[in-house]
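Structural overview
For reference, the chains in residue letters:
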Amino acid sequence: MRRFARFGLLLLATLAALPAMAAVPLMETLKGERPIRLQSLDIRTEVRGSLAETTVHMVFANPNPRPLEGNLQFPLLDGQQVTGFALDFDGKLRPAVPVDKPKARQVFEEIERRGVDPGLLEKTVGNNFRLRVFPIPARGTRIVEVSYSEALARNGNDLVYRLPMNYGALDGFTWSLRADGVAALPRASGALGEVSFVRDGRYGWRASVQRSRYQASGMLDLRLPIRAQAQVYTQAVDGDTYFVAEVQVTDGTFRPRTLPGKVGLLWDSSGSGSGRALAAELALLDAYFKWMGQGEVKLVRLRDRPEAAKTFRIVGGDWSALRRELETTVYDGASALADWKPEAGIGEYVLVSDGLLNYGPREFATLTSAQRLYAISSSPGADTARLAALAQRYGGRLVSVTPTSVESAHQALLTEGPHLLSLGGSGVADLQAETNDPRDGVLRVAGRLLAPDAKLDLVVADDGKTQTMRLPIAGDATEHPFAARLWASYRLAALEANHELKRAEIRRLGQRFGLATRETSLIVLDTVQDYVRYEIAPPAELQAEYARLRDEAEGERIAETSSHLDRVAKDFAEKIAWWEKLFPKGKPPAPERPKKQVAASGASNASGASNATGNVSGTTTPNSPVVIENEANGFRRQLSSDGDGNYRFSQLPMGTYRVTAGGQSRTVNVSIGTTANLDTVEVVGNGHINPIDVSSVESTTVLTAEQTAALPVARNITNVALLAPGT
């Protein structure tokens, strides 16, 4: 049985701007385990213009006598994007780096089995995320830090920033604000009470609040007066300059829209549909068809294959026949959400679904320029990112509805305002809008800047009229630390409609901009040797050591390859000499066996690195801390002994270590293929080194002219390549 218990963490209030909710335990542990406690919290908010980044610094305390693995699951609202994740090692935070999602999960689970400290943040469905942390030490603490960014909503002349505060009892709490580009004094209300703001420059403000023994609850509501002129921000990343432009196109009000006389209703009837809030969906459709008044509806049920369309007439807003048909739906089968054909003459499609697609074609149907698509979602686990991207592509919007939000959903479905038709300009490229409909009257557009004095053109339709808006984009605009990632998040949102067909681009964006996406996760590893072992580029602080170890490993690989080829040539020459010898020949010469070697870096490849290690185990006082250190390279690891006083450090690179347990320190050498005993410390090593790099599907080698001349094969590329290790 595993000696590390698991716990689940539901972190809804910490990261998502949700309405106030009843206080609930942040962590659920296994039966019999004492709850993990959020001990202290430090929240830092940085606002630049209308863009904000929130960093949540959490200290978790584990009161149990054994280490626990944490699973933190949390949703973010539409428009919010995880921008960072860090985990503490020996009191210092180490930032995560992006890795392909399958590889990240494999590495995390392999390292976890070795009893060391990985952390993994991955995107699940829609805008939901899961964070895995291992371990939170027995009767100890662990620091987790997560950052997310968002574009702030507008209310009149104010930007609105909301921060939920439902954390319960905390030993310590700190909130700080740094806001730039704000026209006048900010105003705070709700949680935290009165907040004092200090001016910092012409348009800057600062604030800080500290509490001890604090019962956190409610919501912090912060209002930031808007500067009137259009805002443009730039950021240079890896030789490219990205910009974000904010253009006020309306006062944020919308007017009722006119519905077409012929509508297509796409009703998701797959098995997952039974989990939707069907009553809320029907209530929303009731308002929709009453507003329609007269018309025709073609109903298509979507399962593993689409059912034949059924036609219903709407007369005087009466849609009772269609409603009865929907109420009799049996929800079963897979979801082939893209397996239907648009019909000419239908002016608008309404897709009612959770957005999950697990069967059939992946490419969504293509509508004409005269057809719109609105999506309705009521499921908590819906793939809202896909639904929003589909609706945006075809001139509509995603409308989320719950039993308590039918009225606001009604307004979103049946009103309209200015709509972005196209983007263009000079000196700009890779243009991407946040949405085609202004949010709170503002259109946000991001792109790449090609010239110092560029122009951005926006073609906007409003109430049957078309207007072209031109905005200058200067290369010396205000520098913004979020601009590049904001462009990446807009591009990723646009790719969600058919993300299965865009996996390569999603992966490239996630890796370049350090984002958790459908194809990339963020991972933190314990030692630089782990980054080398799994060929994961580390954060900046470890890159120099990482490069040194990689160079050493490559040198060893080249030397091993050369030695291998020399042995092949020597063995072949001896065999030829034996064949040419007159009888009696004696026994054929035995091939030379390579001597066991130890890679100096301990990380020449995935197989060799994992085998060129040793273990240190011993006994001490039960449930007490044990520390092992290698002063030569700065390696340090800490764990707690179990209830019987036993402890074990596994997968240690060879070297000299100092073990501190029970107030006493001992020195022990970890070497390969030997067993050493020092008081209660036992060292066990494994002497096998596999010369084949099984961490990569690539097999390469370099031949000298002398080696090529001595090869016992025909001089062609196929036969020579087969001599490389692993072929």
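Anyway, here's the lowdown on the structure attached to this text. (Residues numbered from 1 in each chain as written. Predicted model: local features only at pLDDT ≥ 70, side-chain atom pairs only at ≥ 80, totals over all residues. Heavy atoms only, no water.)

Let's shift gears to unusual backbone geometry. Notably, Leu192 is not glycine yet its phi reads approximately 80°, a positive angle. For Leu192, the location among the structural elements is in the loop between strand E15 (187–190) and strand E16 (198–199). One non-glycine residue, Arg213, lies in positive phi territory at about 50°. Mapping Arg213 onto the fold places it in strand E17 (residues 204–216). For Arg213, a relative accessible area of 70% corresponds to the exposed category. (Helix = DSSP H or I, 4+ residues; strand = E, 2+ residues; numbered from the N terminus. Buried < 20%, exposed > 50% of the residue type's maximum accessible area, 1.4 Å probe, protein only.)

In this model, helix H7 (residues 483–495) (13 residues) spans 19 Å end to end at C-alpha, consistent with the 18 Å of a helix rising 1.5 Å per residue. Every buried residue of H7 is accounted for by Ala483, Ala484, Leu486, Trp487, Ala488, Ser489, Tyr490, Leu492 and Leu495. (Expected span 1.5 Å × (residues − 1).)

For helix H5 (residues 384–393), the tally of buried residues reaches eight of ten residues, placing the bulk of the element in the interior. Buried within H5 we find Thr384, Ala385, Arg386, Leu387, Ala389, Leu390, Ala391 and Gln392. Tucked into the core, H5 has its buried residues touching strand E25 (348–352), strand E26 (372–377), strand E27 (398–400) and H7. The first or second residue beyond H5 is Gly395, which carries a positive phi of 75°. (Contact = heavy atoms within 4.5 Å.)

Our next topic: the packing of H7 against helix H8 (residues 503–513). Packing of H7 against H8 brings their axes to within 10 Å, and their N-to-C directions diverge by 160°. By the angle class used here, H7 and H8 are roughly antiparallel. The interaxial crossing formed by H7 with H8 has left-handed handedness. Together, Ala484, Arg485, Trp487, Ala488, Arg491, Leu492 and Leu495 of H7 and Glu505, Ile506, Leu509 and Phe513 of H8 make up the contact between the two elements. Classifying every residue of the contact of H7 with H8 gives eight nonpolar, no polar and three charged. (Axes fitted to C-alpha atoms, helices over the stretch in contact; angles between N-to-C directions. Parallel < 35°, antiparallel > 145°, perpendicular 65-115°, else oblique. Left-handed = near helix turned anticlockwise from the far one by under 90°. Nonpolar A, V, L, I, M, F, W, Y, C, P; charged D, E, K, R; others polar.)

The next point concerns the packing of helix H3 (residues 278–292) against helix H6 (residues 406–414). Closest axis-to-axis distance for the H3/H6 pair is 10 Å, and the angle between their directions is 45°. In terms of orientation, H3 lies oblique with respect to H6. When the axes of H3 and H6 are compared, the crossing they make is right-handed. Along the contact surface, H3 presents Ala280, Ala283, Leu284, Ala287, Tyr288 and Trp291, while H6 presents Val406, Ala409, His410, Leu413 and Leu414. Here the residues of the contact of H3 with H6 are counted per class, giving ten nonpolar, one polar and no charged.

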